[in-house]
Amino acid sequence: MTDELDDLIDDLHAEAQRDRPDADTPDVGIVMGSDSDLDVMMGSETGRGGAYDALVDELGFAEVTDYDDPPEERFTFETYVVSAHRTPELMYAYAETAEDRGIDVIIAGAGGKSADLPNMTASIAYPVPVVGVPVQEKSVDSVIGMPQGAPLTAVDAGKSFNAALSAAQILAREHDELRDRLVDYHEGLKGDVARVSRDLHELGTPGFKERRG
C-alpha cells in the first residue's frame, strides 16, 4: 500500500480508539467509489440535488472535515472516496471502524455494473444501517442484489437526495429535533404543490407556462 493509503487507514483506526461525545462525532458517513460520483452523490449546481443538498440546505447538517474541530451544528456528516475494487483495505477499515467512530448510518454510492461498495460496506459495517445509491442505471442490480440476512436499504439510480432523507429518518427515531426538521421539510413540499396548483388554476395553462418560462 502507498504511504497515503496507510496513513488514512491508520487515522480511521486511531479515531475509533478515541472516546468522543456523540455530539462531536459525525452522525452520517457518506462514501463513494470515485470522485467522479461526486455530482450524483452530493449534488451539483446544474443537475439533480444530492445528499449534500438534502443534509445541509434542507436539514441543517454540517460537514466534518477535522475530527478535533467539529462544527457547532448538532447533526453532522463526513465524506470519503472509498473504492471497493482499487482500495479494498480502505473500504474495510472505513466500514469496520464506522460504529466505533460514532457513525449511526452510512450512505454508500457506486457506479458501473460492479457497484460493490454499498453491498460490501453493509456487510462489514453491520449492524450499522447502510443506504445504497446506484450512481447509474446499470448499477441498480448490483446494489440491490443482497442475499437474505444481509440487509441493505437502497434508492433508485442517482437519487442520493432521497438516501440522505432516509438516513435522517433513521436518526430521527432518537432525535426529536431532527424529526421536526424532517416534518418541516415535508410540509414545505406540500405547500409548494399547493402554490403551483393554485397558480395553474388561476393563470390557466398558457399563462402558467409563460410565467414558468
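So, a few notes on the structure that sits alongside this text. What you see is a predicted model, and the numbers here were worked out from it, not measured in a lab.

Turning to a negative patch on the surface, a few remarks are in order. A surface patch of negative charge is lined by Asp3, Glu4, Asp7, Asp10 and Asp11. Note that Asp3 resides in helix 1 (residues 3-17). The class of Asp3 is exposed, set by a relative accessible area of 59%.

Another aspect to go through is the sheet that holds strand 1 (residues 28-32). Taken together, the 6 strands give an open sheet; going across it, the order is 2-3-1-4-5-6, and neighbouring strands pair in parallel fashion. The strands lining the two open edges of the sheet, one partner per strand, are strand 2 (62-63) and strand 6 (153-154). Here 5 bridges tie strand 1 to strand 4 (residues 105-110), and the two strands are oriented parallel to one another. When the bridges of strand 4 are listed, Val28 appears paired with Val105. Contacts between helix 5 (residues 117-125) and the sheet are confined to strand 1, strand 4 and strand 5 (130-134), with strand 4 contributing the most and set at about 155° to the helix.

Turning our attention to the packing of helix 3 (residues 51-58) against helix 7 (residues 160-172). With their axes 6 Å apart at the nearest point, helix 3 and helix 7 run at an angle of 50° to one another. It follows from the interaxial angle that helix 3 and helix 7 lie oblique. Contacts between helix 3 and helix 7 pair Ala51, Asp53, Ala54, Leu55 and Glu58 from the former with Ser160, Phe161, Ala164 and Leu165 from the latter. Classifying every residue of the contact of helix 3 with helix 7 by side-chain character gives 6 nonpolar, 1 polar and 2 charged.

What follows concerns unusual backbone geometry. A negative phi angle is the norm for most residues apart from glycine, just as the trans form is the norm for most peptide bonds. Cis rather than trans, the peptide bond between Tyr126 and Pro127 has omega equal to 10°. Locating Pro127 in the fold gives a position in the loop between helix 5 and strand 5.

About the cut-offs
- Position numbers for residues count from 1 along each chain, tracking the sequence in the order it is written.
- Totals for whole chains, interfaces and linings use all residues, but because this is a predicted model, local features are given only for residues with pLDDT of at least 70 and pairs of side-chain atoms are given and counted only at 80 or more.
- Side-chain measures were taken over the full set of non-hydrogen atoms in the model, leaving aside hydrogen atoms and water.
- Each patch is built from residues lacking any salt bridge and having more than 30% relative accessible area; the joining distance is 9 Å for like charges and 5 Å for nonpolar side chains (Val, Leu, Ile, Met, Phe, Trp, Tyr).
- Residue exposure ignores everything except the shown protein chains as possible cover, and the areas themselves are Shrake-Rupley values with a 1.4 Å probe.
- Here a salt bridge means any side-chain nitrogen of Lys or Arg lying within 4 Å of a carboxyl oxygen belonging to Asp or Glu.
- Under the convention used here, Asp and Glu are negative, Lys and Arg are positive, and both His and the chain ends fall outside the count.
- Think of each charge as sitting on NZ of Lys, CZ of Arg, CG of Asp or CD of Glu.
- Helix and strand assignments follow DSSP, with helices taken as H or I runs no shorter than four residues and strands as E runs no shorter than two, numbered in order from the N terminus.
- For the exposure calls, accessible area comes from a 1.4 Å probe over protein chains only, and a residue counts as buried if that area is under 20% of its type's maximum, exposed if over 50%, partly exposed in between.
- Should DSSP find at least two bridges between two strands, the strands are taken to pair.
- We call two residues in contact whenever any of their non-hydrogen atoms come within 4.5 Å of each other.
- Here an axis means a line fitted to C-alpha atoms, over the contact stretch when the element is a helix, while the angle between two N-to-C directions is reported on a 0 to 180 degree scale.
- Angles below 35 degrees are treated as roughly parallel, those above 145 as roughly antiparallel, those between 65 and 115 as roughly perpendicular, and all remaining angles as oblique.
- Amino acids outside the nonpolar list (Ala, Val, Leu, Ile, Met, Phe, Trp, Tyr, Cys, Pro) and the charged list (Asp, Glu, Lys, Arg) are all regarded as polar, and Gly is one of them.

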